[in-house]
Amino acid sequence: MERRCLDAQNKGVSTGTTILAATFDGGVVIGSDSRASVGGEYVSSKTINKVIQVHDQIFCCMAGSLADAQAVLKAAKFHLSFHSVQMQSPPQVIAAASVLKELCYNNKDELQAGFITAGWDRRKGPQVYVVSLGGMMVRQSVTIAGSGSTYIYGYVDAKYRPNMTREECLQFATNALALAMGRDNVSGGVAHLVVITKSGVEHVVVPGDKLPKFHDQ
């Protein structure tokens, strides 16, 4: 038993997921698969929702240690709620990403989690920010992360276009998740997608048997 624990410590935390976000003309799509694994060796849940709402029109995707990510997002929700009361207005997307950045940086020695933050606000419209392990924050028009992302960099580079329509971006995100889930053995389940625009938020769930197929799976 002691040897097994030492081996686990030396190996580190191995996790699997596929998360993404992409802006389109007037909004943003953020999504993920729904499979959670333990140590990257067996599936512990097929139905977990990794797209978490932190404010009315701001959502986050999480990758890495689920416990770490949930703890950070819980703290971020509190900060943003308090911030909106102080400012008497909804927080900006960059404010949400900055809160995650500070939490990740200040606890970088203990955390193993990264985030994609996406949303819409009145000042800058649709936005996507990446907060990586260690607390680096970068704004991008499209981004992917997680173990499944390594299989779809080529697809994303070839198919993403700025100023896509809502329907085109939603199909792009669905196809990207389907490709990653078909190749990555620790990504799978259903595709959770959220479309965020000025008019509100729409949740889209694509069951595994309804995902597009590009090869024999």
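Above: the structure in question.
Cut-offs applied
Residues numbered from 1 in each chain as written. Predicted model: local features only at pLDDT ≥ 70, side-chain atom pairs only at ≥ 80, totals over all residues. Heavy atoms only, no water. Helix = DSSP H or I, 4+ residues; strand = E, 2+ residues; numbered from the N terminus. Buried < 20%, exposed > 50% of the residue type's maximum accessible area, 1.4 Å probe, protein only. Core = buried A, V, L, I, M, F, W, Y, C linked by side-chain atoms within 4.5 Å. Contact = heavy atoms within 4.5 Å. Salt bridge = Lys/Arg side-chain N within 4 Å of Asp/Glu carboxyl O.

Draft legend 1. Representation of unusual backbone geometry. The backbone of Gln-88 shows a phi angle near 55 degrees, a positive value even though the residue is not glycine. Among the structural elements, Gln-88 can be located in the loop between helix H2 (66-87) and helix H3 (93-106). Phi is positive for Asn-163, close to 60 degrees, though the residue is something other than glycine. Residue position: Asn-163 is located in the loop between helix H4 (153-159) and helix H5 (166-183). Asn-163 sits in the exposed class, given a relative accessible area of 60%.

Draft legend 2. Seen up close, the nonpolar core. Residues Val-29, Ile-152, Phe-172 and Leu-193 are the most contacted members of the largest nonpolar core, which totals 27 residues. When residues of this core are traced back to their parent elements, those giving at least two are strand S1 (19-24), strand S10 (142-145), H4, H5, strand S11 (191-197) and strand S12 (200-206). Considering each element in turn, this core owes the most residues, 10 residues, to H5. Dropping the residues within four chain positions of it, Val-29 is found in contact with Leu-20, Ala-21, Ala-22, Phe-24, Cys-169, Leu-170, Ala-173, Leu-193, Val-194 and Val-195. Counting 22 residues, the second-largest nonpolar core is a separate cluster that includes Ala-69, Leu-80, Val-99 and Leu-100.

Draft legend 3. Expanded view of the pattern of salt bridges. Summed over all chains, the structure comprises 4 salt bridges. Between Lys-50 and Asp-33 there is a salt bridge, with the nearest N and O atoms lying 2.8 Å from each other. A residue pair is termed long-range when its members are at least 10 positions apart, and Lys-50 in the loop between strand S4 (42-45) and strand S5 (51-55) and Asp-33 in the loop between strand S2 (27-32) and strand S3 (36-38) qualify at 17 residues. By relative accessible area, Lys-50 is classed as buried at 4%. Among the salt bridges present, the one from Arg-161 reaches Glu-168, with a minimum N-O distance of 3.0 Å. Residue classification places Glu-168 among the partly exposed residues on the basis of a relative accessible area of 35%. The structure contains a network of salt bridges with shared partners spanning Arg-166, Glu-167 and Glu-202.

Note that every value here comes from positions in space, so none of it alone points to a role or purpose.
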